[in-house]
Amino acid sequence: MQNTKLLLNSLALAGLLALAGCSFPGVYKIDIQQGNVVTQDMIDQLRPGMTRRQVRFIMGNPLIQDTFNTNRWDYLYSLQPGGGKRQQERMSIFFNENDQLVSLSGDFMPGVSRDQEILGGSSDTTVSPTAQPEQAKPQHVEKPAKPGSVEESIQREIDTIETTPVPTPAPLETSPQ
């Protein structure tokens with residue numbers, strides 16, 4: 001009798017400990033990524049009239065190719081941070097009968113990429129061939145980093161980087177001896 005009470009108490013204690021371990025706040029939960037990663041720079045490289053091969057080179061294989069509408073490619077991406085809310089982005093690309101890019105729809109739209117914004121270039125992403133490219137206007141002016149901040153120390157490290165020339169090997173002789 002006393003042995004069964006001890007056994008039941010120990011089983012109950014082991015069960016409670018196991019159950020408590022499932023909801024322990026320090027447990028790491030992984031991020032779940034699914035689909036095609038699509039960036040704004042990829043979208044900015046797309047131009048009307050590109051072939052399917054050119055689009056596939058830039059964007060990768062589409063996640064969904066509709067059997068009934070072969071002129072549409074869908075790119076989906078979802079990210080669920082460990083225990084967080086799921087975020088989803090989608091992009092649809094449409095082709096004409098000649099397998100040329102006609103239009104885009106989704107969460108990304110053509111515009112000035114981050115690289116072009118940094119370098120001050122402009123991009124013409126309009127569909128109309130007669131439209132003139134517009135000059136990229138800076139949307140915001142960056143403020144200098146505060147002295148002593150992490151940004152200021154990173155900028156100081158970047159400014160003091162010395163470039164090292166890459167040695168070029170001598171060409172190989174192709175004539176037989």
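Residues numbered from 1 in each chain as written. Predicted model: local features only at pLDDT ≥ 70, side-chain atom pairs only at ≥ 80, totals over all residues. Heavy atoms only, no water.

Participant: What is the right way to look at the pairing of strand β3 (residues 72–80) in this model?
Facilitator: In the case of a regular strand, side chains alternate between the two sheet surfaces. In terms of strand pairing, strand β1 (residues 32–35) meets β3 through 4 bridges, oriented antiparallel. Looking at β3, one finds that Ile32 is bridged to Gln80. Two strands pair when backbone bridges link them, and strand β2 (residues 64–65) and β3 are joined in this way by 2 bridges, in the antiparallel orientation. Bridged to Ile64 within β3 is Asp74. The turn joining β2 and β3, which pair antiparallel and follow one another in sequence, is formed by 6 residues. The turn joining β3 and strand β4 (residues 87–95), which pair antiparallel and follow one another in sequence, is formed by 6 residues; a positive phi near 80° is taken by Gly83. (Pairing = 2+ DSSP bridges. Helix = DSSP H or I, 4+ residues; strand = E, 2+ residues; numbered from the N terminus.)

Participant: Got a minute to help me understand the nonpolar core in this structure?
Facilitator: Residues Ile43, Leu46, Val55, Met59, Tyr75, Ile93 and Leu101 are the most contacted members of the largest nonpolar core, which totals 15 residues. Sorting the residues of this core by element identifies α2 (40–45), α3 (52–59), β3 and β4 as the ones contributing at least two each. If we skip the residues at most four places from it in the chain, Met59 touches Val38, Met42, Ile43, Leu46, Tyr75 and Ile93. (Core = buried A, V, L, I, M, F, W, Y, C linked by side-chain atoms within 4.5 Å. Buried < 20%, exposed > 50% of the residue type's maximum accessible area, 1.4 Å probe, protein only. Contact = heavy atoms within 4.5 Å.)

Participant: Can you walk me through α3 in this structure?
Facilitator: Side chains of residues three or four places apart in an α-helix project in the same direction, reflecting 3.6 residues per turn. All of the buried residues along α3 are Arg52, Val55, Ile58 and Met59. Buried residues of α3 fall within an arc of 130° about the axis and therefore sit on the same side. Residues of α3 that are exposed and point over 90 degrees away from its buried face: Arg53 and Phe57. At its buried positions, α3 is contacted by α2, β3, β4 and β5 (101–106). Gly60, located one to two residues past α3, shows a positive phi value of around 90°. (Arc of directions from axis to C-beta.)

Participant: Just checking my understanding: could you explain the environment of Gly35 for this structure?
Facilitator: Along the polypeptide, Gly35 turns up in strand β1. Put simply, Gly35 and Arg90 are 55 residues apart on the chain and 9.6 Å apart in space, counted from C-alpha to C-alpha. If we skip the residues at most four places from it in the chain, Gly35 touches Leu63, Leu76 and Tyr77.

Participant: Is there a simple way to think about the confidence of the model for the protein chain in this case?
Facilitator: Interpreting fine coordinate detail is not advised for predicted regions of low pLDDT. When pLDDT is averaged along the protein chain, the result is 75, and 73% of the positions lie at 70 or above. Taking the mean pLDDT of every element in the protein chain, the minimum, 59, falls on helix α4 (residues 114–119) and the maximum, 92, on α3. Per-residue pLDDT stays below 50 along residues 123–138; that stretch engages in 19 contacts with residues further than four places along the chain or on separate chains. (pLDDT = per-residue confidence, 0-100.)

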